[in-house]
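Chain by chain, the residues:
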Amino acid sequence: MSAVPRRILLKLSGEALMGDQAGGIQPEILQQVAAEIVEVQTAGTQVALVIGGGNLFRGAGLAAAGMDRVRGDQMGMLATVMNALAMQDAIEQLGAACKVMTALAIDQLGEPFAAHRARTYLSEGQVVICAAGTGSPFFTTDTAASLRAVELQADLLLKATKVDGVYDADPMQNPAAQRYDQLSFDEAIARELGVMDLTAMVMCRDNQLPLCVFDMFAVGALRSIVSGKSVGTRVTPSSS
């Protein structure tokens, strides 16, 4: 058993929203994820989210083809806003209150992110979706998730993936890959396990923020984690 978190930040990839489609948002996946979030939020856990935009647009891809990297990353940030609005709608349709806060000034779509105000919304029982990454190019949504989790004083950062934790090799490619139940950020960095990008992992480590990597689509996984059960892989600030 692990400590029961009071406040979590869930990092969800944009690709997860595609389901079995080639791109875009699969409504059934959106509704499933929203239902899991509302379930734990209703039970008393404060929930913030960061959602990637890879299902709609990847700035790095066009940058590799010659587009200005700053402009490409800005387009990627807008993709995360679109996903945030879709998730907000799904959550609100389930009867929960949800606020979108953006790192870019888009007043008609969401209010500017401010950590203290976001903490107030969370304390009031609203789900908070942090959109548009960090607002700056060259930073991934992994880094945005770790930054927002630290700013919001979350007890746990959750990274939802397509597999049930961190492995010593790609389990999709190597059936003999071994899953870690727990490891430290230093171990994950040294072994180049690709848990998150380096900036995100160092930020978590230096701010004593634990990370749980898990399969979002395992039924009840999110509920089990916030109940203190051992699910997925726990990455800790230290090896002790």
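Presented here is a report on the structure given in the accompanying data block. (Residues numbered from 1 in each chain as written. Predicted model: local features only at pLDDT ≥ 70, side-chain atom pairs only at ≥ 80, totals over all residues. Heavy atoms only, no water.)

Details of the packing of helix H1 (residues 27–42) against helix H3 (residues 69–93)
A pair of packed helices is characterised by two quantities: the angle between their axes and the separation of those axes.
Here is step 1: Closest axis-to-axis distance for the H1/H3 pair is 9 Å, and the angle between their directions is 60 degrees. For the element pair H1 / H3, the angle class is oblique. Read as a crossing pair, H1 and H3 show a hand that is right-handed. Seen from H1, the contacting residues are Leu30, Val33, Ala34, Ile37 and Val38; seen from H3, they are Ala86, Met87, Ala90 and Ile91.
Here is step 2: Classifying every residue of the contact of H1 with H3 gives nine nonpolar, no polar and no charged. (Axes fitted to C-alpha atoms, helices over the stretch in contact; angles between N-to-C directions. Helix = DSSP H or I, 4+ residues; strand = E, 2+ residues; numbered from the N terminus. Parallel < 35°, antiparallel > 145°, perpendicular 65-115°, else oblique. Left-handed = near helix turned anticlockwise from the far one by under 90°. Contact = heavy atoms within 4.5 Å. Nonpolar A, V, L, I, M, F, W, Y, C, P; charged D, E, K, R; others polar.)

A short note on the packing of aromatic side chains
Here is step 1: The full count for this structure, using the stated rule, is zero aromatic pairs.
Here is step 2: Over the face of the ring belonging to tyrosine 121 we find lysine 99, whose NZ or CZ atom lies 4.7 Å from the ring centre.
Here is step 3: In this structure, arginine 148 is placed above the aromatic ring of phenylalanine 113, and the distance from its NZ or CZ to the ring centre is 3.9 Å. (Phe/Tyr/Trp six-rings, centres within 6.5 Å; stacked < 30°, edge-to-face > 60°. Lys NZ or Arg CZ within 6 Å of the ring centre and 35° of its normal.)

Comments concerning helix H7 (residues 198–206)
Here is step 1: Of the residues making up H7, those classed as buried are Ala200, Met201 and Cys204. Down the axis of H7, the buried set is contained in an arc of 95 degrees. They therefore lie on one face.
Here is step 2: For H7, the secondary structure elements touched by its buried residues are helix H5 (141–151), strand S6 (156–161) and helix H6 (185–190).
Here is step 3: The distance from a side-chain oxygen at the start of H7 to the backbone nitrogen of threonine 199 is 3.0 Å, and the residue carrying that oxygen is aspartate 197.
Here is step 4: Once H7 finishes, glutamine 208 follows within two positions and takes phi at roughly 55 degrees, a positive value. (Buried < 20%, exposed > 50% of the residue type's maximum accessible area, 1.4 Å probe, protein only. Arc of directions from axis to C-beta. Polar contact = N/O pair within 3.5 Å; in protein donor to acceptor, adjacent residues only side chain to side chain.)

Some thoughts on the packing of H5 against H7
Here is step 1: Contact geometry of H5 with H7 gives a least axis separation of 7 Å together with a crossing angle of 20 degrees. Judged on the interaxial angle alone, H7 and H5 are roughly parallel. Relative to H7, the crossing made by H5 is left-handed. Within the contact between the two elements, H5 uses Asp142, Thr143, Ser146, Leu147 and Val150 and H7 uses Thr199, Ala200, Met203 and Cys204.
Here is step 2: When grouped by side-chain class, the residues that make up the contact of H5 with H7 number five nonpolar, three polar and one charged.

Examining unusual backbone geometry
Here is step 1: Even without being glycine, alanine 132 reaches a positive phi, approximately 70 degrees.
Here is step 2: Position of alanine 132 among the secondary structure elements: in the loop between strand S5 (127–131) and H5.
Here is step 3: In the Ramachandran plot, glutamine 153 falls in the positive-phi region, its phi being about 60 degrees despite a non-glycine side chain.
Here is step 4: One can find glutamine 153 in the loop between H5 and S6.

Observations concerning the nonpolar core
Here is step 1: By size, the foremost hydrophobic cluster in this structure holds 40 residues, and its most contacted members are Ile37, Leu49, Met87, Ile91, Ile129, Leu158 and Phe214.
Here is step 2: Counting residues in hydrophobic clusters, the runner-up holds 31 residues, among them Ala149, Val166, Ala200 and Leu209. (Core = buried A, V, L, I, M, F, W, Y, C linked by side-chain atoms within 4.5 Å.)

Re the sheet that holds strand S10 (residues 211–215)
Here is step 1: Pairing is mixed in the open sheet, where nine strands are placed in the order S4-S3-S5-S2-S1-S6-S10-S11-S9. This sheet does not close on itself; its edge strands, each paired only once, are strand S4 (111–112) and strand S9 (182–184).
Here is step 2: Of the pairings in the sheet, the one linking strand S2 (residues 46–51) to S5 comprises two bridges and is parallel in character. Among the inter-strand pairings, alanine 48 is bridged to a residue of S5, identified as valine 128. (Pairing = 2+ DSSP bridges.)

Digging into the pairing of S2
Here is step 1: Burial analysis of S2 places six of its six residues in the buried class, which makes it a mostly covered element.
Here is step 2: Neither face of S2 is exposed, since Gln46, Ala48 and Val50 on one face and Val47, Leu49 and Ile51 on the opposite face are all buried.

Here we look at the side chain of threonine 45
Here is step 1: Mapping threonine 45 onto the fold places it in the loop between H1 and S2.
Here is step 2: Residue classification places threonine 45 among the buried residues on the basis of a relative accessible area of 8%.

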